[in-house]
Amino acid sequence: MPFSFYRLALFFTVLVVLRPLAQASRSGLNNTPIADVSASGTGVVQGYSAFGEDRKPSFFTGARAGFNPFGERIEAGFDTRWKPGVSVPVYFNAKWASTWDKVWPMLGLGVANFAPRAQDRDRLGQPQTYGVFSYDTGVVRFHSGYAIQRKNNATFFGLDRSWLIDGRKLTFRSDLIEIQDAGQWLGSAGFTYKFTDALGVELWESKPTERGKAYTTFKLGYSFKR
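Now for a look at the structure at hand. (Residues numbered from 1 in each chain as written. Predicted model: local features only at pLDDT ≥ 70, side-chain atom pairs only at ≥ 80, totals over all residues. Heavy atoms only, no water.)

What about the sheet that holds strand β6 (residues 128–136)?
Strand pairing in a sheet is mediated by backbone hydrogen bonds. Such pairs are either parallel or antiparallel.
Part 1 of the reasoning: With antiparallel pairing, the twelve strands of this closed barrel are ordered in space as β1-β2-β3-β4-β5-β6-β7-β8-β9-β10-β11-β12. Taking the axes of each pair of neighbouring strands and ignoring which way they run, one obtains an average angle of 20° across the sheet. (Pairing = 2+ DSSP bridges. Helix = DSSP H or I, 4+ residues; strand = E, 2+ residues; numbered from the N terminus. Axes fitted to C-alpha atoms, helices over the stretch in contact; angles between N-to-C directions.)

Here you go:
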């Protein structure tokens, strides 16, 4: 398996350095990341909201883009939380994806929810670092990984499958992640659909397995190329 250990070690070092200083629009399933990243020179701007019973609607905006420095596959982006409560002006996410042969599961390493200001971390939550494997069987893609976050470490799993409907891509996505410091699981299911080459929508329903109520998340995104 071709693999650059020194580059991986460098990326891990960056994550460790960033984490003590630190809901993102990173590429992924519904509530979990995947190992893939945005293609180099492409990106997306998004607006998204979560709403449900006994829950104040939230509203976020964000953007991410793919890069290919030194032959590595990198994605980076930022988000803003407008509602509820006091706004969080900016927080960041970044991810590295493996470039080895696709007969092996793809590996992604990332950091999300990185707010530079301490008061924003108090409002938003602490930064999260994660590792995730994704494997495409040709019929469905499977994903599994582990996220590290202060008082909220989490194992997660997911799958997705895509179809072309009248030449437009429709993707079913489902995932399961531990929440509340592994106190219970949060499951979700939903879809993404591309209305045009640039305009896409995401919609999913999430529900805790034991305590709490279901909620819906809606995203609208506009893709671009540099």
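Re the side chain of Gln-128
Part 1 of the reasoning: Examined against the element boundaries, Gln-128 turns out to sit in strand β6.
Part 2 of the reasoning: On the basis of relative accessible area, Gln-128 is assigned to the buried category, the value being 11%.
Part 3 of the reasoning: Here Arg-26 takes part through its side chain, which lies 2.9 Å from a polar atom of the side chain of Gln-128.
Part 4 of the reasoning: Discounting chain neighbours no more than four positions away, the residues touching Gln-128 are Arg-26, Gly-110, Val-111, Ala-112, Asn-113, Ala-147, Ile-148 and Gln-149. (Buried < 20%, exposed > 50% of the residue type's maximum accessible area, 1.4 Å probe, protein only. Polar contact = N/O pair within 3.5 Å; in protein donor to acceptor, adjacent residues only side chain to side chain. Contact = heavy atoms within 4.5 Å.)

Some thoughts on the packing of aromatic side chains
Part 1 of the reasoning: Enumeration according to the criterion identifies four aromatic pairs in this entry.
Part 2 of the reasoning: Ring centres of Phe-92 and Phe-114 lie 6.3 Å apart, and the angle between their planes is 40°; this geometry places the pair in the tilted category. Taken together, the residues span a long stretch of sequence, with Phe-92 in strand β4 (residues 88–97) and Phe-114 in strand β5 (residues 106–114) at a distance of 22 residues.
Part 3 of the reasoning: For Phe-114, a relative accessible area of 13% corresponds to the buried category.
Part 4 of the reasoning: For the pair Phe-157 and Trp-185, a centre-to-centre distance of 6.2 Å together with 25° between the ring planes defines the contact as stacked. Of this pair, Phe-157 sits in strand β8 (residues 154–165) while Trp-185 sits in strand β10 (residues 184–194); the two residues are 28 residues apart in sequence, bridging distant segments of the chain.
Part 5 of the reasoning: One Lys or Arg, Arg-55, reaches over the ring of Tyr-215 and ends 4.0 Å from the middle of that ring.
Part 6 of the reasoning: Over the ring of Tyr-48 we find Lys-219; its NZ or CZ atom is 4.7 Å from the centre of that ring. (Phe/Tyr/Trp six-rings, centres within 6.5 Å; stacked < 30°, edge-to-face > 60°. Lys NZ or Arg CZ within 6 Å of the ring centre and 35° of its normal.)

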